[in-house]
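# Reading the structure
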Amino acid sequence: MIMEKIEIKNVDKSIYREVLDNGLEIIIIPNDKISKKKNYYFSYGTYYGAYINEFVPIGKSKMMKFPSGIAHFLEHKMFESKEGEKPFDFYAKTGSYVNAFTSYKNTCYVVTGNKKMKENLEYLLTFVNSPYFTDENVKKEQGIITEEAAMNDDNPDYLVYKTISKNLYKVSPYNTPILGTVESIKEIKKNDLYDCYNTFYRPSNMFLVVGGAVLPDEVVKITTDILSRFNLENDDNIKIKNYKEPIKVVKEYEEIKSNVQVEKIAIGFKMEKAKIPIKNKVILDLYFNMIISLCFGASSEFREMIRKRHLVSRSGYYFQDIDNIITFMVEADVLNYPVYIKELENYLTNLNVLEEDLERMKKVWISSEVIKSDYADSLVDTVVDDLINYHKVITNYVELIKNMNITTMREVISSLDFTNKAIVRVISENNPLQND
């Protein structure tokens, strides 16, 4: 097979793509001047995360339900080895960095370094393809992660996030934290981990993104040679449960007393995706991110107003796209709850974007795309995000940004429904609610 060379349009950058016989997709982003920059970046991931708790395990015929948090638990156990050095010890010897993360959509194992590229890539591919689970090491990990989960429940930021998720989503696995719960973690068994691993840690359900001081042919050869030792087949027949989330929120209001100095709130506005006019997920995400930047970003009028009036000390805003639902999320440390809520609801009712502001921000975004193309780590992160969100690399962001227009923006804004919401407040256990 001839490696595919793909041009990232409008930024004078090319990436390379190869799909191995076993189904693994490899994306390589070499430095233009390899001799000057020695850093390299690996991201080895699987399309398996905390969202997938019900599926048909490979070799079995029936849909099975697994404990919440098992994807994150599995990620932790992949750093266990039957013999030889453990991953953290191996990479520490070369001054390299290794870590992993689990989201609702995926799990990724990352390595960065500036020497021994071949050895470090070989070891990454080897340890992720060498699971070692025993009753003993599972039980030990349960103790560690249940303690972490219990500690998180004492963290007000985590508590408000956990509660708003439960109060927003009735059937979607997004109603439970990625970590799982103390109860669900205790249910995980060795055989559960092997079922999850064997089903989702297969090359046809995985990707490898490599950037920096690397040669495409060398990366493909190393990967092919290492994976040939594991007799991995190309099989993408994975059956997972699909969810249809009810439109109505589960619980509209909840307040929790905790040891906080400043009140913390989370608000989720739950909407029906079918009513949003844009069906292309890439373009819809661009418009949602533009709304966040212009209407809620650091230089927005709303941010400036709530800062000057001392309504909040910190706030964040983002959209979530989950199954048949779009959710607009607000998280804040609130200094004056009743006034902030009134101002937020009034602002959302009259949400608007000016054409000149849209055109100005488009120029900023395009410049950012051009600048990003000079940095291998940023490109690796972008490609990984694309694969996770769209299962493909988006090579025409500049063109898509240029095509954004005020008419479509206003159509998107007019389709947003901010009436169906859940509110969670974490207040001081020592002080009564004020001004309610």
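Our structure is the block above this text.
Residues numbered from 1 in each chain as written. Predicted model: local features only at pLDDT ≥ 70, side-chain atom pairs only at ≥ 80, totals over all residues. Heavy atoms only, no water.

### A closer look at the packing of helix α9 (residues 281-296) against helix α15 (residues 406-415)
Where α9 meets α15, the axes come as close as 11 Å, and the angle between the chain directions of the two elements is 80 degrees. By the angle between their axes, α9 is roughly perpendicular relative to α15. For the pair formed by α9 and α15, the contact residues are Y287, F288, M290 and I291 on the first element and T408, M409, V412 and I413 on the second. Taken together, the residues of the contact of α9 with α15 break down into seven nonpolar, one polar and no charged. (Axes fitted to C-alpha atoms, helices over the stretch in contact; angles between N-to-C directions. Helix = DSSP H or I, 4+ residues; strand = E, 2+ residues; numbered from the N terminus. Parallel < 35°, antiparallel > 145°, perpendicular 65-115°, else oblique. Contact = heavy atoms within 4.5 Å. Nonpolar A, V, L, I, M, F, W, Y, C, P; charged D, E, K, R; others polar.)

### Considerations on the sheet that holds strand β7 (residues 97-102)
The mixed open sheet is built from seven strands, whose spatial order is β1-β2-β3-β9-β4-β8-β7. The strands lining the two open edges of the sheet, one partner per strand, are β1 (4-8) and β7. Across the sheet, the mean angle from the axis of one strand to that of its neighbour is 20 degrees, orientation sign disregarded. In this sheet, strand β2 (residues 13-19) lies alongside β1 in antiparallel orientation, the contact comprising five bridges. Bridging from a neighbouring strand, E7 pairs with S14 of β2. Contacts from helix α1 (residues 70-77) reach β7 and β8 (107-113) within the one sheet, and its direction differs from that of β7 by about 165 degrees. (Pairing = 2+ DSSP bridges.)

### Let's talk about the layout of surface pockets
Where empty space is left in the structure can be found by rolling a water-sized probe over the atoms. Approximately 820 Å³ is the volume found for the largest pocket. Going through the elements one at a time, α9, β12 (312-322), α12 (355-372), α13 (376-390) and α14 (397-402) are the ones with two or more residues in the lining of the largest pocket. Looking at which element gives the most residues to the lining of the largest pocket, the answer is α9, with seven residues. Of the residues assigned to the lining of the largest pocket, the class counts are 16 nonpolar, seven polar and eight charged. Taken as a whole, the second largest pocket encloses approximately 500 Å³ of empty space. (1 Å grid on protein atoms, 1.4 Å probe; cavity = no way out; pocket = protein on both sides within 12 Å on 5 of 7 lines; lining within 4 Å. Points joined across faces, edges and corners; volume = space filled by probe spheres on them.)

### Comments concerning empty space enclosed by the protein
On inspection of all chains with the given rule, the structure shows one cavity of 30 Å³ or more. Looking at the lining of the largest cavity, the elements that each hand over two or more residues are α12, α13 and α14. Looking at which element gives the most residues to the lining of the largest cavity, the answer is α13, with four residues. Across the lining of the largest cavity, the residue classes tally to eight nonpolar, four polar and four charged.

### Brief notes about the pairing of strand β14 (residues 421-428)
For β14, the tally of buried residues reaches seven of eight residues, placing the bulk of the element in the interior. By the bridge criterion, six bridges tie strand β11 (residues 263-272) to β14 in an arrangement that is antiparallel. The residue of β14 that forms the bridge with K264 is V426. (Buried < 20%, exposed > 50% of the residue type's maximum accessible area, 1.4 Å probe, protein only.)

### Description of the nonpolar core
Y44, Y48, L74, Y109, L124 and Y201 are the most contacted members of the largest nonpolar core, which totals 73 residues. Here this core takes seven residues from helix α3 (residues 117-128), the largest share from any one element. Y201 has contacts with T46, Y48, L74, M78, T107, Y109, V128, C196 and M206, leaving out every residue within four places of it along the chain. If you look at the next biggest cluster of nonpolar residues, it comprises 51 residues, including F269, M271, L348 and W365. (Core = buried A, V, L, I, M, F, W, Y, C linked by side-chain atoms within 4.5 Å.)

### Quick word on the pattern of salt bridges
By the definition in use, this model includes 31 salt bridges. Here D333 and K264 are joined by a salt bridge, their closest N and O atoms 3.0 Å apart. Here K264 lies in strand β11 and D333 lies in strand β13 (residues 325-334), a separation of 69 residues in the sequence. Judged by relative accessible area, K264 falls into the buried class, the value being 11%. For K281, the salt bridge is made with D321, and the minimal N-O distance between the two is 3.3 Å. Residue K281 is found in helix α9, and its partner D321 is found in strand β12; the two are separated by 40 residues along the sequence. A residue is classified by how much of its surface remains accessible, and K281, at 26% relative accessible area, is partly exposed. Several salt bridges converge on common partners, so that one network encompasses K77, E80, K86 and E141. (Salt bridge = Lys/Arg side-chain N within 4 Å of Asp/Glu carboxyl O.)

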